[in-house]
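An overview of the molecular structure
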Amino acid sequence: MKIKAILFDLDGTITRPVLDFDLIRREIGGVEGPILEAMGHMTAEGYRRAEEILLRHEFVAAEDSQLNHGVHKLWEWMRSHDLKIGLVTRNQRSSVARICELHDLSFDAIFTREDGPAKPDPFAVQSVCGQMAIDPHDTLMVGDHLFDLVCGRRAGAGSVLITTNQDHRDYHHEADYVIDSLTELPAIVEGIDEQ
């Protein structure tokens, strides 16, 4: 088997986690669990209000974003090894664009919540792989949350958990690989390619 692409989550994976989801839930009011799913059950007015709150937090997070250790070095390694780079995020496209601009990041394919069903639905990974003309089985999905791992697995991708989320121990069992830093990814890819 040969890995042809690596797909990444954004918040907590490429960037340091800064979004305070508990604060966002409190500001919206009456929300428990995943915010996007809760918004899907709101009235049109409730959805509009919740979206304004979420967009405001995401805009601030983008402006304040900091990359996790080793991102640029990893990008150089992936590009030098002809690996495609995909982004699968529940974030908004304008925040993604701002983060890419601030940190000089480029992707071969991007999927945001505006593009269709969000993670953990496998459509997100399937869509990014389709854009790059790569089979999901030839990819790794890297993320810090259960939804990243489930999304990747359901689509047929290998799953890599990065331990930046405080709850990461709750879903170690869902990951094919567990890393503490993105700098560990090249060794995983090389190990898979040698199998």
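Presented here is an overview of the structure given in this document. (Residues numbered from 1 in each chain as written. Predicted model: local features only at pLDDT ≥ 70, side-chain atom pairs only at ≥ 80, totals over all residues. Heavy atoms only, no water.)

1. Regarding the state of the cysteines
Across all of its chains, the model carries 0 disulfides by this definition. Not engaged in a disulfide, the cysteine Cys 100 finds its nearest cysteine sulfur in Cys 129; these two sulfurs lie 18 Å apart. The thiol sulfur of Cys 151 is not disulfide-bonded, and the nearest other cysteine sulfur, from Cys 129, lies at 9.4 Å. (Disulfide = S-S within 2.5 Å.)

2. Digging into helix α6 (residues 123-132)
The complete set of buried residues in α6 reads Ala 124, Val 125, Val 128, Cys 129 and Met 132. Taken end-on, α6 shows its buried residues confined to a sector of 130°, consistent with a single buried face. Turning to α6, the residues buried within the fold contact β1 (5-8), β2 (84-88), β3 (109-111), β4 (139-143) and α7 (146-155). Directly beyond the C-terminal end of α6, a positive phi value near 55° is found at Ala 133. (Buried < 20%, exposed > 50% of the residue type's maximum accessible area, 1.4 Å probe, protein only. Helix = DSSP H or I, 4+ residues; strand = E, 2+ residues; numbered from the N terminus. Arc of directions from axis to C-beta. Contact = heavy atoms within 4.5 Å.)

3. Some thoughts on the side chain of Ser 95
Here Ser 95 lies in helix α5 (residues 93-103). What makes Ser 95 buried here is its relative accessible area of 2%. A distance of 3.4 Å separates a polar side-chain atom of Ser 95 from the backbone oxygen of Glu 58. (Polar contact = N/O pair within 3.5 Å; in protein donor to acceptor, adjacent residues only side chain to side chain.)

4. Looking at the pairing of strand β5 (residues 158-162)
A regular strand places its side chains on the two faces of the sheet in alternate fashion. Across the 5 residues that make up β5, a large majority, 5, are buried. Side chains Gly 158, Val 160 and Ile 162 of β5 all project onto a buried face; the interleaved residues Ser 159 and Leu 161 project onto the opposite face, where all are buried too. Summarising the sheet, β4 and β5 pair through 4 bridges and their orientation is parallel. Following the sheet pairing, Leu 140 is matched in β5 by Gly 158. Once the chain exits β4 it traverses α7 before rejoining the sheet at β5, and the crossover so formed is right-handed. (Pairing = 2+ DSSP bridges. Right-handed = clockwise from strand over helix to strand, strands pointing away.)

5. Overview of the packing of helix α1 (residues 21-28) against helix α3 (residues 44-63)
Relative to each other, α1 and α3 sit at 150°, their axes nearing to 9 Å. Taken together, the axes of α1 and α3 lie roughly antiparallel to each other. Between α1 and α3 lies a crossing of right-handed hand. Counted together, Leu 23, Ile 24, Glu 27 and Ile 28 of α1 and Arg 49, Ala 50, Ile 53, Leu 54, Arg 56 and His 57 of α3 form the full contact between these two elements. Residues of the contact of α1 with α3, tallied by class, amount to 6 nonpolar, 1 polar and 3 charged. (Axes fitted to C-alpha atoms, helices over the stretch in contact; angles between N-to-C directions. Parallel < 35°, antiparallel > 145°, perpendicular 65-115°, else oblique. Left-handed = near helix turned anticlockwise from the far one by under 90°. Nonpolar A, V, L, I, M, F, W, Y, C, P; charged D, E, K, R; others polar.)

6. Structural notes on the nonpolar core
Membership of the largest hydrophobic core comes to 30 residues, with the highest contact counts inside it found for Ile 6, Phe 8, Ile 14, Trp 75, Met 78, Leu 182 and Leu 185. Of all elements in the fold, only β1, α4 (71-80), β2, α5, β4, β5 and α8 (185-194) reach the threshold of two or more residues within this core. Looking at which element gives the most residues to this core, the answer is α4, with 5 residues. Residues contacting Ile 6, with those up to four places away along its chain left out, are Met 78, Leu 83, Lys 84, Ile 85, Gly 86, Leu 140, Val 142, Leu 185 and Val 189. (Core = buried A, V, L, I, M, F, W, Y, C linked by side-chain atoms within 4.5 Å.)

7. A word on the packing of aromatic side chains
Taken as a whole, this structure holds 3 aromatic pairs when the rule is applied. Ring centres 5.1 Å apart and planes at 35° place the aromatic pair Phe 8 and Trp 75 in the tilted group. Separated by 67 residues along the polypeptide, Phe 8 in strand β1 and Trp 75 in helix α4 bring together distant segments of the chain. Both residues of the pair, Phe 8 and Trp 75, count as buried. Geometrically, the ring pair formed by Phe 111 and Phe 123 is edge-to-face, given 5.9 Å between the ring centres and 75° between the ring planes. With a gap of 12 residues between them, Phe 111 in strand β3 and Phe 123 in helix α6 connect regions that are remote in the sequence. The buried category is assigned to Phe 111, whose relative accessible area is 1%. Put simply, the rings of Phe 8, Trp 75 and Phe 107 touch in pairs and so form one group of aromatic residues. (Phe/Tyr/Trp six-rings, centres within 6.5 Å; stacked < 30°, edge-to-face > 60°.)

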